[in-house]
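Summary of structural features
The primary structure of each chain is shown beneath.
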Amino acid sequence: MNNSKEFSPGEIYEPSEETRRHAWVNNERIYEMAQDYLTLWDEVAKNDIEWFEPYESVLDDSNAPFYRWYVGGKINITHNCIDRHIDSKGDKTAIIWQGEPENEKERITYHELYRRVCRFANALRTLGVQEEDVVTIYMGMVPELLIAMLACARIGAIHNVVFGGFSSTALRERINDANAKVVVTMDGYYRRGKVIETKRIVDKALEACSVESVVVIERVGNGASMVDGRDIWWHELEEGLPDECECKALDSEHALFILYTSGTTGKPKGVLHVHGGYNVGTHITTKWVFDLKDRDVFWCTADIGWITGHSYVVYGPLSVGATILIYEGAPDYPQPDRWWNIIEQYGVTVFYTAPTAIRYFMKLSEEWLKKHDLSSLRLLGTVGETIDPEAWKWYYRYVGSERCPVIDTWWQTETGMVIIAPLPGITKLKPGSVTLPFPGILVDICDEKGNPADSGELVITNPWPAMFRNLWGEPERFAKQYWRSNGSGKLIYFTGDGARKDGDGYYWIIGRIDEVLKVSGHRLGSAEIESALISHEAVSEAAVVGKPHEIKGETPVAFVVLKTGYKPSVELKKDLKTHVKNEIGAIAVPEEIYFVEQLPKTRSGKIVRRILLAIEKGEKIGDITTLEDITVVEKIKNVKGAK
Ligand code: PRX
């Protein structure tokens, strides 16, 4: 999706005097000062983060791209997220939780969070969880999800949160790949007034996994079945356990979590983050980009099952000692003003969401917003895909009452932290642009040959603290897929995003240039959906492309070749959609499936998805001379036309 255009100077938004005066960063020279990027990352780590033992050097790049940050330091991210706040703000609310049913809510202070994390850490220990063991967490948005993550981190275990919208098959694949010892889950949670039967999905996933224990939080009381000797209720496991648990001093590079994300093959990638650098990077970006202060109530609407939830619901905001809000349910349930209702009710001051949500509410009309007093808001953020200037301005006008800066943040699961974004006190905003790289981060744009250009692929030219350290079990894929050396032999990180830079050095993101889709801001690989389709008995070949969609940004469309003996039918189409839902989850279900005789392929057999996308969009097809059989284009057009 690219709706970004060049803008007239009239569309530059200057920071207000009020924002500038109070911002953490209000000196433009920060960018200049950050040129010496290792000094900046040293100072941030020393001033803002507590270490059990100091590090010896900021960066070790001797084995690039396997960079190591804060070498030799001892740290635990949970100390910085919880323990260090106890004395100064133990009674401050750390978490405001709002269930989907309006009467279900909870406030948890930092002190209580400390006790609950410690108790659950002890509980994990009784199950034999040790340092570096993997714990898969599959839950809805409840405080225990954060507590489970923090408890793992506290004892040096590695958490692997799987988004609650993934199917049992997708969950199983991730549990097996991560070799998880324990699964933490719940009986169910509420979504649009219905109960999602989480435990049932887990049971199905575990039919072909060998985890030792399953811990189940009782949320809805739907009588979930428990397997003897494997499953245990959270509250029973915790009974009698102390609410003190030593915070393990870990090496800076100790693994914190694995989070699976989609790439260009059918197999999801287990992105690995570590305690030290991730703590530094998420902390300082939370503080400077969202400009969080002690009195703020920060609401990042992302599900914790995605990186945004890890970095900006949990770790970044808790590390700065903020009050965070989490909401269990759907944005528009029971009415389309639910989110605005929550903002008013809790006095949310900083709000961070995705363009897909903004487009959705824009379509519903601003009347829903006007019913609520949103004057507590002072800063708005967005992430996940390009925000078109219309949506940006709507967000600015109707959610922020032309008072709140709109902070568009570009980053990825792999980067762990925000990489390009305005600093609210100093950066002039241009609707649709992600503006400038964060101080201490060096980005550029390269043409196809790897030479610097104004338009091409976005690259990060120097390592950064919260960068991923590896792909779980796939170091070669990590080293090969993302890193390439430039002309002078220096390794640079290729993001997979197309971008351009304007005359002011502002970045504009065009969208993925590989076969990765963004469906409602969620990242899905074409190949992943294709593998799901091919695993159906009727399918011989499949190709999936992302078709532009007014609200979702993109939606998957599939072109399917059937095996001999199978005939196209409405029932089969339905069956294939259900199959994808079962294999991956509802988010991956193609909006349309076309049955074709053949797919457009090069002579070496590579599917040319670009042609399918052009056909789907009704655009000019371009060069087809590389195709093995050029008649296929007309045949596919006919199938589409016949629809
Ligand atoms: O294409 C970019 C898009 O989201 C991709 C990363 O997806 P994921 O790892 O799921 O992380 C999403 C949340 C950090 C990027 O490669 N993207 C993310 N933020 C923006 C964006 N595209 C345009 N503008 C953004 N602000």
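So, here's what we can say about the structure. (Residues numbered from 1 in each chain as written. Predicted model: local features only at pLDDT ≥ 70, side-chain atom pairs only at ≥ 80, totals over all residues. Heavy atoms only, no water.)

**So, the overall build of the protein chain**
The number of helices and strands found in the protein chain is 20 helices and 31 strands. Over its C-alpha atoms the protein chain spans a radius of gyration of 24 Å, differing by no more than 12% from the 26 Å that the globule rule assigns to 643 residues. Expressed as a percentage of the 643 residues in the protein chain, the buried residues total 62%. Here the contacts in the protein chain between residues at least 6 apart in sequence split such that 71% fall between residues at least 24 apart. Here the protein chain has roughly 24,500 Å² of accessible surface; of this, 47% comes from carbon and sulfur atoms. The distance from the centre of the 75 positive side-chain charges to the centre of the 93 negative ones in the protein chain is 4 Å. (Helix = DSSP H or I, 4+ residues; strand = E, 2+ residues; numbered from the N terminus. Rg over C-alpha atoms; globule rule 2.2 N^0.38 Å. Buried < 20%, exposed > 50% of the residue type's maximum accessible area, 1.4 Å probe, protein only. Contact = heavy atoms within 4.5 Å. Areas by Shrake-Rupley, 256 points an atom, 1.4 Å probe, with all protein chains shown as cover. Lys, Arg positive; Asp, Glu negative; His and termini not counted. Charge placed at Lys NZ, Arg CZ, Asp CG, Glu CD.)

**Observations regarding the site of the ligand**
In the vicinity of the ligand, 18 residues are found, and the nearest of them are D408, T409, T413, R512 and R523. Contact between the ligand and G384: a nitrogen atom at 3.1 Å from a main-chain N or O atom of the residue. A distance of 2.9 Å separates an oxygen atom of the ligand from a polar side-chain atom of Q412. The fraction of the free accessible surface of the ligand (540 Å²) that becomes covered by protein chains is 96%. In terms of residue class, the shell around the ligand is made up of six nonpolar, six polar and six charged. (Near = heavy atom within 4 Å. Polar contact = N/O pair within 3.5 Å; in protein donor to acceptor, adjacent residues only side chain to side chain. Nonpolar A, V, L, I, M, F, W, Y, C, P; charged D, E, K, R; others polar.)

**Here we look at unusual backbone geometry**
Backbone torsion omega between A64 and P65 reads 5°, so that peptide bond is classified as cis. With respect to the helices and strands, the residue P65 is situated in the loop between β1 (57-60) and β2 (68-71). The peptide bond linking Y333 to P334 adopts the cis configuration, its omega dihedral lying at 0°. Tracing the backbone through its elements, the reader meets P334 in the loop between β17 (323-327) and α12 (338-346). Phi at T435 is positive, roughly 65°, even though this residue is not glycine. Take T435: it is sitting in the loop between β20 (406-409) and β21 (443-446).

**Points about the pairing of β20**
Taking every second residue as pointing to the same face, both faces of β20 are buried, with V406 and D408 on one and I407 and T409 on the other. Two elements, strand β19 (residues 379-383) and β20, share four bridges in a ladder whose sense is parallel. Among the inter-strand pairings, V383 is bridged to a residue of β20, identified as T409. Crossover handedness for the path β19 to helix α15 (residues 389-399) to β20: right-handed. (Pairing = 2+ DSSP bridges. Right-handed = clockwise from strand over helix to strand, strands pointing away.)

**What about the packing of helix α4 (residues 77-89) against helix α10 (residues 275-289)?**
Helix packing for two helices is described by the angle between their axes and how far apart those axes are. Remark: α4 packs on α10, axes separated minimally by 8 Å, with the N-to-C direction vectors making an angle of 50°. In terms of axis orientation, α4 runs oblique to α10. Mapping the contact onto sequence places I77, N80 and R84 in α4 and H275, Y278, N279 and H283 in α10. (Axes fitted to C-alpha atoms, helices over the stretch in contact; angles between N-to-C directions. Parallel < 35°, antiparallel > 145°, perpendicular 65-115°, else oblique.)

**Some thoughts on the nonpolar core**
If you look at the biggest cluster of nonpolar residues, it comprises 150 residues, and the most contacted ones within it are W41, L113, F120, V184, Y315, F351 and I419. Ignoring anything within four residues of it in the chain, the contact list for W41 reads V58, W69, Y70, V280, I284, M417, F438, P439, G440, I441 and P465. Residues F166, L206, A538 and I587 belong to the second largest nonpolar core, which totals 47 residues. (Core = buried A, V, L, I, M, F, W, Y, C linked by side-chain atoms within 4.5 Å.)

**Let's talk about empty space enclosed by the protein**
Within this structure, the stated rule accounts for three cavities of 30 Å³ or more. If you add up the space inside the largest cavity, you get close to 50 Å³. Counting only elements with at least two residues in the lining of the largest cavity, the list comes to β7 (158-161) and β14 (255-261). Looking at the lining of the largest cavity residue by residue, the class counts come to seven nonpolar, two polar and one charged. Of the volumes computed, that of the second largest cavity is approximately 40 Å³. What lines the second largest cavity is F166, R174, Y260, T261, S262, W306 and R523. In the lining of the second largest cavity, the residues fall into three nonpolar, two polar and two charged. (1 Å grid on protein atoms, 1.4 Å probe; cavity = no way out; pocket = protein on both sides within 12 Å on 5 of 7 lines; lining within 4 Å. Points joined across faces, edges and corners; volume = space filled by probe spheres on them.)

**Quick look at the environment of K430**
Along the chain, K430 falls in the loop between β20 and β21. Among all residues touching K430, those that are not within four sequence positions of it are E11, I12, D502, D504, Y506 and W508. Of the polar contacts made by the side chain of K430, one reaches the side chain of D502; its length is 2.7 Å.

**Points about the packing of α10 against helix α11 (residues 307-319)**
At a minimum axis distance of 8 Å, the contact between α10 and α11 shows a crossing angle of 85°. With respect to their mutual orientation, α10 and α11 come out roughly perpendicular. Residues Y278, N279, T282, H283, T285 and T286 of α10 touch α11, and the partners they reach there are H310, S311, Y312, Y315, G316, P317 and S319. When the residues that make up the contact of α10 with α11 are grouped by side-chain class, the tally is four nonpolar, nine polar and no charged.

**Quick look at the packing of aromatic side chains**
In total, this model carries 41 aromatic pairs according to the counting rule given. Geometrically, the ring pair formed by Y13 and Y396 is edge-to-face, given 4.9 Å between the ring centres and 75° between the ring planes. Within this pair, whereas Y13 is found in the segment before α1 (17-22), its partner Y396 is found in helix α15, the two being separated by 383 residues in sequence. On the basis of an interplanar angle of 65° and a centroid distance of 5.5 Å, the ring pair of F290 and Y312 is categorised as edge-to-face. Residue F290 is found in the loop between α10 and β16 (297-300), and its partner Y312 is found in helix α11; the two are separated by 22 residues along the sequence. You'll find F290 and Y312 in the same group, each marked buried. In textbook terms, an aromatic cluster arises when at least three aromatic residues are bridged by ring pairs, as seen for F66, Y67, W464, F468, F478, Y482, W483 and Y493. (Phe/Tyr/Trp six-rings, centres within 6.5 Å; stacked < 30°, edge-to-face > 60°.)

**Some points on the state of the cysteines**
Per the counting criterion, the structure on display carries zero disulfides. Of all cysteine sulfurs in the structure, the one in C245 sits closest to C152, which takes part in no disulfide; the separation is 11 Å. With no disulfide of its own, C404 has C300 as its nearest cysteine by sulfur position, at a separation of 17 Å. (Disulfide = S-S within 2.5 Å.)

**What to know about helix α18 (residues 570-583)**
Over its 14 residues, α18 extends 20 Å from the first C-alpha to the last, a length consistent with the 20 Å expected when each residue adds 1.5 Å. Within α18, burial applies to L572, L576, H579 and V580. The arc that holds the buried residues of α18, viewed along the axis, is 95°, so those residues lie on one side. In α18, the exposed positions angled more than 90 degrees off the buried face are occupied by V570, E571 and K574. Buried-residue contacts for α18 involve α17 (526-534), β29 (539-549), β30 (553-562) and β31 (592-595). (Expected span 1.5 Å × (residues − 1). Arc of directions from axis to C-beta.)

**Considering the sheet that holds strand β4 (residues 93-98)**
Strand order in the open sheet formed by seven strands is β5-β4-β17-β16-β18-β19-β20, with mixed pairing between adjacent strands. Every other strand in the sheet has two partners, leaving β5 (105-109) and β20 as the edge strands with one partner each. With direction set aside, neighbouring strand axes in the sheet form an average angle of 20°. Summarising the sheet, β4 and β5 pair through five bridges and their orientation is antiparallel. Across the sheet, residue T93 finds its bridge partner in β5, namely T109. Sheet strands touched by helix α5 (residues 110-126): β4 and β5. Its angle to β5, the strand with the most contacts, is close to 90°.

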